[in-house]
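Residues per chain are reported as follows:
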Amino acid sequence: MLSIYQLKPKFQAILRPYANFLYKANITANQVTLTACFGSILIALIVGALVTYQWIFFLVPIWMFIRMALNAIDGILAKEYNQQTNLGAYLNEICDVVSDSALLFIFTTIDVVNNDLVILVILLSLLTEYSGVLGIMVGVSRRYDGPMGKSDRAFTFGAISLAIATYLLPLNWINILLSIISILLIYTIINRIRKGILDAQKS
């Protein structure tokens, strides 16, 4: 299933010089991971506090891109600079779901948005990542299948936020988009479980 995650190798190639710079500056992969997490929480707080000014949503796509870059860089530091640790594995997964939840929770501050739909998307996002991690438990690799994986969600909600900031998206359409995203998340969960089971049967 097509996913933006498939572009990660090319994205990492562009970011490799920056990872090398951070390595020489004694910045570790775990520090980059935590920076991405705390940055996401900070952006969520700022946008949530100033949500009456729609232009503030410009911060979301900008941060989503920075966060994706930081996530790619921490992977480079971990794998290519011998910084892989058990703590890093925990931080990578936990910080991702915390960041996702914080950034998605912003949408509950918009009056016309159905909060139940936002919470549903958050829960399904958590299950999507959990189903990906469970691949390791059945003896295969972690699953990153789409169509609504972490990178896909970052792109999607970044695009929605940009449309909100530029007044191109009527706010009452957000509920429709959240419903579609929920369906895609359910499909992603099923897809990751199915692919994980198939891989386990082959091994």
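These lines cover the structure that appears in this document, whether it is placed above or below. (Residues numbered from 1 in each chain as written. Predicted model: local features only at pLDDT ≥ 70, side-chain atom pairs only at ≥ 80, totals over all residues. Heavy atoms only, no water.)

Looking at the environment of lysine 10
Reasoning step 1: Checked against the element boundaries, lysine 10 lands in helix α1 (residues 8-24).
Reasoning step 2: Along the backbone, lysine 10 and leucine 87 are 77 residues apart, and their C-alpha atoms lie at a distance of 27 Å. (Helix = DSSP H or I, 4+ residues; strand = E, 2+ residues; numbered from the N terminus.)

So, the packing of aromatic side chains
Reasoning step 1: Tallied over the entire structure, the rule returns five aromatic pairs.
Reasoning step 2: Note on tyrosine 53 and tryptophan 55: the rings are 6.2 Å apart at their centroids and 45° apart in plane angle, and the pair reads as tilted.
Reasoning step 3: A residue is classified by how much of its surface remains accessible, and tyrosine 53, at 46% relative accessible area, is partly exposed.
Reasoning step 4: Residue tryptophan 55 is classed as partly exposed on the basis of its relative accessible area, which comes to 47%.
Reasoning step 5: Ring plane angle 55° and centroid distance 5.5 Å describe the contact between phenylalanine 107 and phenylalanine 157, whose orientation is recorded as tilted. Remark: phenylalanine 157 occurs in helix α6 (residues 150-165) and phenylalanine 107 occurs in the loop between α4 (86-105) and α5 (115-137); sequence separation between them is 50 residues. As far as the burial class goes, phenylalanine 107 and phenylalanine 157 line up, both buried. (Phe/Tyr/Trp six-rings, centres within 6.5 Å; stacked < 30°, edge-to-face > 60°. Buried < 20%, exposed > 50% of the residue type's maximum accessible area, 1.4 Å probe, protein only.)

So, the side chain of serine 125
Reasoning step 1: With respect to the element layout, serine 125 can be found in helix α5.
Reasoning step 2: In contact with serine 125, not counting residues within four places along its chain, are Leu104, Arg153 and Leu185. (Contact = heavy atoms within 4.5 Å.)

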